[in-house]
Amino acid sequence: MPFISQIERQSDYSSFHPSRPIVIDNGASYFRLGWAGETDPRVIFRNIVQRPRHKITGETVTVVGDHNPALLKYFDCTRSGPRSAFESNVVYQFEIMEYILDFGFDRLGADQSQIDHPILITECACNPVQSRGKMAELLFESYGVPSVAFGVDAAFSYKYNQKLGICNDTGLAISSGFTTSHVIPFINGEPVYEACCRTNVGGYHVTDYLKQLISLKYPHHISKLTWEKVEELKMEHCYIAADYASEVQLFQRGDKEAEEKTRCWQLPWTPSPAEEPPSEEEIARKAAVKEKQSQRLREMAEAKRSSKINELENELKGLEFLLEELKDIEDDEIVSFLASRGYTSKREVESAFAKVSQSLRKAKGEQVPSEEKVDVSAVEKYYLIDIPDDELSAEQLKEKRRQVFLKSTTEARQRAKQKRLDEELEKEKEKKLEEQKRLENPERYLEQLRAKYKELSEKLEQRKRLKTNGNHANGNNNVSGGVGRGERLNAAQRERMRLLTTAAFDRGKGEDTFGQRDEDWQLYKLMSRDNDDDDDDKPDQDEAELAHISSRLQEIDPTFFRGSESGASASETPRFRPLTKEDFQIILGVERFRCPEVLFNPNFIGIDQSGLDEMVGVSLRRLPTWGQGLEDKMTSSILVTGGSCLYPGMAERLEAGIRMIRPCGTPIKILRATDPIMDAWRGASAYAAAIEFPQQTFSRMDYYEKGEDWLRRYKFRYTI
Amino acid sequence: MEREVMEAELVLPTHMKFKKIQMYDKYPKGQARGRHWKHLKQIIQAENYENYPPELPTYVNIETPPSMHPGKKICDITGFEAPYFDPRTKLRYANTEVFKVIRSLSNDYVQRYLALRNAAVVLK
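Quick notes on the rules
- Residues numbered from 1 in each chain as written.
- Chains lettered and ligands numbered in written order.
- Predicted model: local features only at pLDDT ≥ 70, side-chain atom pairs only at ≥ 80, totals over all residues.
- Heavy atoms only, no water.
- UniProt positions renumbered as here; feature names shortened; annotations may be inferred.
- Helix = DSSP H or I, 4+ residues; strand = E, 2+ residues; numbered from the N terminus.
- Buried < 20%, exposed > 50% of the residue type's maximum accessible area, 1.4 Å probe, protein only.
- Contact = heavy atoms within 4.5 Å.
- Areas by Shrake-Rupley, 256 points an atom, 1.4 Å probe, with all protein chains shown as cover.
- Arc of directions from axis to C-beta.
- Buried area = accessible area lost by both parts, 1.4 Å probe.
- Salt bridge = Lys/Arg side-chain N within 4 Å of Asp/Glu carboxyl O.
- Polar contact = N/O pair within 3.5 Å; in protein donor to acceptor, adjacent residues only side chain to side chain.
- Core = buried A, V, L, I, M, F, W, Y, C linked by side-chain atoms within 4.5 Å.
- Pairing = 2+ DSSP bridges.
- Axes fitted to C-alpha atoms, helices over the stretch in contact; angles between N-to-C directions.
- pLDDT = per-residue confidence, 0-100.
- Patch = residues over 30% accessible without salt bridge, like charges linked within 9 Å, V, L, I, M, F, W, Y side chains within 5 Å.
- Lys, Arg positive; Asp, Glu negative; His and termini not counted.
- Charge placed at Lys NZ, Arg CZ, Asp CG, Glu CD.
- Parallel < 35°, antiparallel > 145°, perpendicular 65-115°, else oblique.
- Left-handed = near helix turned anticlockwise from the far one by under 90°.
- Nonpolar A, V, L, I, M, F, W, Y, C, P; charged D, E, K, R; others polar.
- Phe/Tyr/Trp six-rings, centres within 6.5 Å; stacked < 30°, edge-to-face > 60°.
- Lys NZ or Arg CZ within 6 Å of the ring centre and 35° of its normal.

In the annotation of an unreviewed UniProt entry, chain B is listed under the name Vps72/YL1 C-terminal domain-containing protein and assigned to Anisodus acutangulus.

Under an unreviewed UniProt entry, the name given to chain A is Actin-related protein 5, and the source organism is Anisodus acutangulus. Quoted verbatim from the Sequence similarities (unreviewed entry) field of UniProt, the annotation for chain A is "Belongs to the actin family. ARP5 subfamily." The UniProt entry for chain A carries the following text under Subcellular location (unreviewed entry): "Nucleus".

Written as structure tokens, this is what we have:
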């Protein structure tokens, strides 16, 4: 029945005679309180105090022990967490201790003016006198207790099991508690503290280690990993490996056995609503809307076109009419007539006419007359070109210059066109050639293409990396996340900085020869800032080639997928992925035995002390030498007790460990306490019920007479 | 106070009938005096254990000495046996995959892993 609180108020307090002792097992994790002579404690709760604020009234209240967590929703617990009166296994905070005792006595049903019962309370082995004295002071002065006795929990547990016949009167007790583990030897039923030893590792460290490991592994679920939950996980899943090295190798190989040993904790998870593909109706509706819109656009374009045609036709008619009129008019009147219409010459009217008719034809969608037609008239158009300059008047010269310019531009245009045509032809030819190659051996062709693509894209990638950021190329050497100035600059900028610094600090070595050679001056060109983005403007041939190949690959290879796109997007921005059930799982593999292993290897958590198995050796060595017989007697009665001994595999591991440090043939017997958690209280209860118990106590009279310091010499006898 | 809280008697009453001195008298509100508690280190120092005969068991001398065996070196991330040590992060690691992981960890996480075995850099 570990870790279940029992906090109902008892009603039979007044039925106990004042001589009946109250027994308290004051453990670092649990506080157990009850009547001497009974088999089970009456009140059990976690040895913690919380001082939260009530959310509505704002007053600070004291809450002792663990309660239904649902009730704590009325309180603001953010300011103060649970606090313990213990540091390591020593009580030091007596204000908290007082709250705990208040609560304990209150739940035991105490209702008189003082606690009029002797008290037996447990403490750690070799408790500092200061702590013991303060505890006595508290019990005597605040509660009016008539007498107090202090005992060690592990010793009570050993004695209890000795009484049950599980272990002998000479033996060892291995007790692993919440914050510390002890090995205490017993000779003739009395603990030998001279030979005991303590390692500051216990259940707290195991749970804390597990909690830290999981929260480092699953930072997203940190809010779910409360102390209580991790404690629960520890108790449910942790075990002690018979041999850590071989067990871990099992997991490293990923055997089936390891898989079976892996446990999984599924966190509450509701699948996000899956996006349903749109229904057919929806698709049809959308298509209809789209079609409608495009229809409207087309209609609008049509209307615009027809209105333009109309306009042009009108203009053409006007011009035709004008030309008709011109035929009838005398030559000398033409100029004035035209001026009234806004034209200067007949030629202009004609050209306007041609222009309008041409654009009309274009608007109607007819073939535009080819330019050769224009070329026919070229000879007349450039009629002045072939005539030498000196035969021409000033006006004609001007005209000639214009004609020369026009001619050269048209010719250049034509040349460019011809070139384009040639290139197209060339490309067509190339394509044909490639197609032929492909048809000859499609697979090989594809392979070649792919290889080329890969090579090119890698080359480009490399260049891009170099250009944008140096530190990728250097192999990601800034783990700390800090980026120095050098790493922020790109390659060109860094080169510039280097040149500048060398120029600035390159002094002193002999004569300054700068400028003797012409190349020296090139330095300034390199330094100039314009140099930086030189290659950005350059049209990149490789890039074009890559684009070409990739488009070609896309055409002929159905499996082709643009590497640069997929690769870059996958590495730079992880694509959004719907969360799955697996994302809400906490996997316990190696952690299951790695965490309790700290009991045997405290150096896992940086504590430089021996583990449980070695402690036995230390303890035996510390014994006053009474011969080999005693040591053998001891190892044949090793009792394991305390909450951290509940792990499966504990006894086997201890036996193996102790066998290693003891001589061959040593009798070793590991015995598990009947109830490793409750035995200390039961032993204490049985002890306090004995008639001789009052002789072992320290009374209030003694306290006032002899003072706290007497407690230094206080020695408790377990065999009475 | 809510009814269910009252029923569970969650809150410790300030006045206890069975006590000779009540908490509110012993530790008056707003007064820090008498509330200072020596920490374990200070308690041990005040005990002056060095004046005691060495054969007398005390809280300090019953402590277990360091292990006689060389400490097992395990991978800080996976718990596997760790033959390697990364000089940059000071983490121990088992294989190349773990190495990849530790080199991608942020400094914060590295320090937290180191703190697990009490090896983190502590600035004072």
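From this point, things continue past the structure.
(A) Examining the overall build of chain B more closely. Scanning chain B from terminus to terminus reveals five helices and two strands. Its helices and strands taken in sequence order, chain B reads α-α-α-β-β-α-α from the N to the C terminus. Within chain B, buried positions represent 33% of all 124 residues. Residue pairs in contact within chain B that sit at least 24 positions apart in sequence constitute 12% of those at least 6 positions apart. Approximately 8,200 Å² of chain B is accessible, and the part contributed by carbon and sulfur atoms is 56%.

(B) Focus on the overall build of chain A. A tally of regular secondary structure across chain A gives 27 helices and 20 strands. The buried share among the 720 residues of chain A stands at 41%. At a minimum sequence separation of 6, the contacts of chain A that also span at least 24 residues come to 69%. Working note: accessible area of chain A is about 41,700 Å², and carbon and sulfur atoms make up 51% of it.

(C) Up close: helix α5 (residues 227-237) of chain A. Residue and element names in this part refer to chain A. Residues of α5 that are buried include every one of W227, V230, E231, L233, K234 and H237, and no others. Around the axis of α5, the buried residues are gathered within 160° of arc, so they sit on the same side. Where α5 is buried, its residues contact β3 (43-46), α4 (203-217), β16 (263-266), β17 (585-588) and α22 (591-594).

(D) Molecular detail of the interface of chain A and chain B. Listed by partner, the interface residues are 91 residues for chain A and 65 residues for chain B. Summed over both sides, the interface between chain A and chain B buries roughly 6,700 Å², with carbon and sulfur atoms accounting for 56% of that surface. Joining chain A to chain B, the criterion identifies five salt bridges. Ionic pairing is found between A:E98 and B:K19, a salt bridge with its closest N-O pair at 2.7 Å. Joining chain A to chain B, the criterion identifies 31 residue pairs in polar contact (both at pLDDT 80 or more). Going through the elements one at a time, β6 (63-64), α1 (94-108), α2 (129-143), β15 (197-199), α4, α6 (244-253) and α23 (612-622) of chain A are the ones with two or more residues in the side of chain A that touches chain B. In terms of residue count, the dominant contributor to the side of chain A that touches chain B is α1(A) (nine residues).

(E) Quick peek at the nonpolar core. Counting 78 residues, the largest nonpolar core has A:M97, A:F105, A:I115 and A:L120 as the members making the most contacts within it. The leading source of residues in this core is α1(A), at nine residues. Not counting the four nearest positions on each side in its chain, A:I115 is found in contact with A:Y13, A:I22, A:F105, A:A110, A:Y143, A:G144, A:V145, A:P146 and B:F18. Formed by 73 residues, the second largest nonpolar core is a distinct cluster that contains A:V201, A:A258, A:I668 and B:C75.

(F) The sheet that holds strand β11 (residues 147-152) of chain A, seen in detail. Residues and elements named next belong to chain A. Across the sheet, six strands lie side by side as β3-β2-β1-β10-β11-β20; this open sheet has mixed pairing. The sheet is open, and its two edges are formed by β3 and β20 (698-699), each paired on a single side. Of the pairings in the sheet, the one linking strand β2 (residues 30-35) to β3 comprises four bridges and is antiparallel in character. Looking across to β3, one finds that Y30 is bridged to R46. Packed on one face of the sheet, α2 meets β1 (22-26), β10 (119-123), β11 and β20 and runs near 145° to β11.

(G) Structural detail: the UniProt feature "domain: Vps72/YL1 C-terminal" (unreviewed entry) in chain B. Feature annotation in UniProt assigns "domain: Vps72/YL1 C-terminal" (unreviewed entry) to the following positions: residues 73-102 of chain B. Taken end to end, residues 73-102 of chain B comprises 23% helix and 13% strand; its first and last C-alpha atoms sit 16 Å apart.

(H) Quick peek at the pairing of β2(A). Most of β2(A) sits inside the fold, with six of its six residues counted as buried. Hairpin connection, β1(A) to β2(A): the antiparallel pair is bridged by three residues.

(I) Representation of the confidence of the model for chain A within the structure. In this model, chain A carries an average pLDDT of 84, and 88% of its residues clear a pLDDT of 70 or more. Note that residues 563-573 of chain A has pLDDT below 50 and, in this model, seven contacts with residues that lie over four places away or in other chains.

(J) Representation of a negative patch on the surface in the model. There is a patch of like negative charges on the surface, built from A:D422, A:E423, A:E424, A:E426, A:E428 and A:E430. With respect to the element layout, A:D422 can be found in helix α13 (residues 394-440).

(K) Looking closely at a nonpolar patch on the surface. Residues and elements named next belong to chain A. A grouping of F514, W521 and Y524 is seen on the molecular surface, where their side chains present a nonpolar patch of about 330 Å² in accessible area. Here W521 shows up in the loop between α17 (491-505) and α18 (522-527). Its relative accessible area of 45% is what places W521 among the partly exposed residues.

(L) Summary view of the side chain of A:H182. Mapped onto the secondary structure, A:H182 falls in strand β13 (residues 181-187). Discounting residues that sit within four places of it in the chain, A:H182 has contacts with A:N89, A:A125, A:A173, A:I174, A:S175, A:C197, A:R198, A:M615 and B:I62.

(M) Structural context of the packing of helix α8 (residues 280-328) of chain A against helix α10 (residues 346-364) of chain A. Residue and element names in this part refer to chain A. Interaxial distance between α8 and α10 falls to 9 Å at its minimum, and their mutual angle equals 155°. If you check the angle between α8 and α10, you find them roughly antiparallel. Here the hand of the crossing between α8 and α10 comes out left-handed. For the pair formed by α8 and α10, the contact residues are R305, I309, L312, E313, E315, L316, L319, E320, L322, L323 and L326 on the first element and K346, V349, E350, A352, F353, V356, S357, S359, L360, A363 and K364 on the second. Looking at the contact of α8 with α10 residue by residue, the classes come out as 13 nonpolar, two polar and seven charged.

(N) Representation of the packing of aromatic side chains within the structure. All names here are of chain A. Summed over the entire model, instances satisfying the criterion amount to 33 aromatic pairs over all chains. Look at Y158 and F186: their rings are 4.2 Å apart centre to centre, the planes differ by 5°, and that puts the pair in the stacked class. Of this pair, Y158 sits in helix α3 (residues 153-163) while F186 is found in strand β13, placing the two residues 28 residues apart along the sequence. An identical accessibility class is assigned to Y158 and F186; each is buried. The rings of F140, F150, F156, Y687, F693, F698, Y703, Y704, W710, Y714, F716 and Y718 are connected pair by pair, giving a single aromatic cluster. Over the ring of F600 we find R653, and its NZ or CZ is 4.5 Å from the ring centre. The cationic tip of K706 hangs over the ring face of W710; the distance from NZ or CZ to the ring centre is 4.7 Å.

(O) Summary view of the pattern of salt bridges. All names here are of chain A. Counted according to the given criterion, the structure contains 32 salt bridges over all chains. A salt bridge links R46 to E228; the shortest N-O distance between them is 2.9 Å. Placement of R46 in strand β3 and of E228 in helix α5 is noted, with a sequence separation of 182 residues between them. Residue R46 is classed as buried on the basis of its relative accessible area of 16%.

(P) Structural detail: the pairing of β1(A). Residue and element names in this part refer to chain A. Burial analysis of β1 places five of its five residues in the buried class, which makes it a mostly covered element. Where burial is concerned, the two faces of β1 agree: the one with I22, I24 and N26 and the one with V23 and D25 are both buried. As defined by bridge partners, β1 adjoins β2 across five bridges and the pair is classed as antiparallel. Residue pairing for β2: I24 is matched across the bridge by L33.

(Q) Summary view of the environment of A:T170. Residue and element names in this part refer to chain A. With respect to the element layout, T170 can be found in the loop between α3 and β12 (171-176). When the C-alpha positions of T170 and T635 are compared, they lie 9.3 Å apart, and in sequence the two are 465 residues distant. Look past the residues within four positions of T170 in its chain and what remains in contact with it is Y158, F186, I187, N188, L630, K633, M634 and S637. One polar contact links the side chain of T170 to the main-chain amide nitrogen of N188, over a distance of 3.2 Å.

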